[in-house]
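If you want the building blocks of each chain, they are given just below.
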Amino acid sequence: MKKLLSLVVLVMFSLTTLIAQDKPDERLQCKGKRKAGDACKSTIVSKKTGYCNAHDPNRPHCTGKNSKQEPCGMIVSKGKTTCRFHSVQ
Ligand SMILES: [Zn+2]
Ligand SMILES: [Zn+2]
């Protein structure tokens, strides 16, 4: 029985360390905001900028306008200035 108990303790210990290791990732959350104004919950964040792919200020955004004549803001691929919806090609 003692062996089983130590095994349980070991499992519990590794579980808590796993959870503890997860925490730093959780804190790394995108600093950007979503359209509704609430915080972006993306945790796939660049350590350099602190923003996720969609909110990365260094990523070029589409220069096109949507139906309301507001900036499109879609992320475009490198070397392009418009998204696939606004691409003239
Ligand atoms: Zn984001
Ligand atoms: Zn666009």
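So, here is what we can say about the structure in this document. Everything quoted here is computed from the prediction, not taken from an experiment.

Definitions and cut-offs
Along each chain, residues carry numbers from 1 onward, in the same order as the chain's sequence is written. Lettering for chains starts from A, numbering for ligands starts from 1, and both go in the order in which the items are written. Only residues with pLDDT of at least 70 get local features here, since the model is predicted, and only at 80 or more are side-chain atom pairs given and counted; chain-wide, interface and lining totals rely on the full set of residues. Numbered from the N terminus, helices here are DSSP runs of H or I no shorter than four residues, and strands are runs of E no shorter than two. Residue burial here comes from a neighbour count, namely the number of other C-beta atoms, placed from the backbone, that lie within 10 Å of the residue's own C-beta, with 20 or more meaning buried, 12 or fewer meaning exposed, and in between meaning partly exposed. It is the C-beta atoms, placed from the backbone, that decide contacts: two residues are in contact if theirs lie within 7 Å.

A tally of regular secondary structure across the protein chain gives one helix and zero strands. For the protein chain, the proportion of its 89 residues judged to be buried stands at 3%.

Counting through the fold element by element, C83 comes out in the segment after α1 (2–27). We classify C83 as partly exposed; it has 18 C-beta atoms within 10 Å. Between the C-alpha atoms of C83 and C62, which are 21 residues apart in sequence, the distance is 5.3 Å.

What follows is about the environment of G50. By the secondary structure assignment, G50 is in the segment after α1. Under the C-beta neighbour-count criterion, G50 is labelled partly exposed, with 15 such atoms within 10 Å. As for G50 and G32, which are separated by 18 residues in sequence, their C-alpha atoms are 8.5 Å apart. For G50, the contacting residues outside a window of four places in its chain are K31 and V45.

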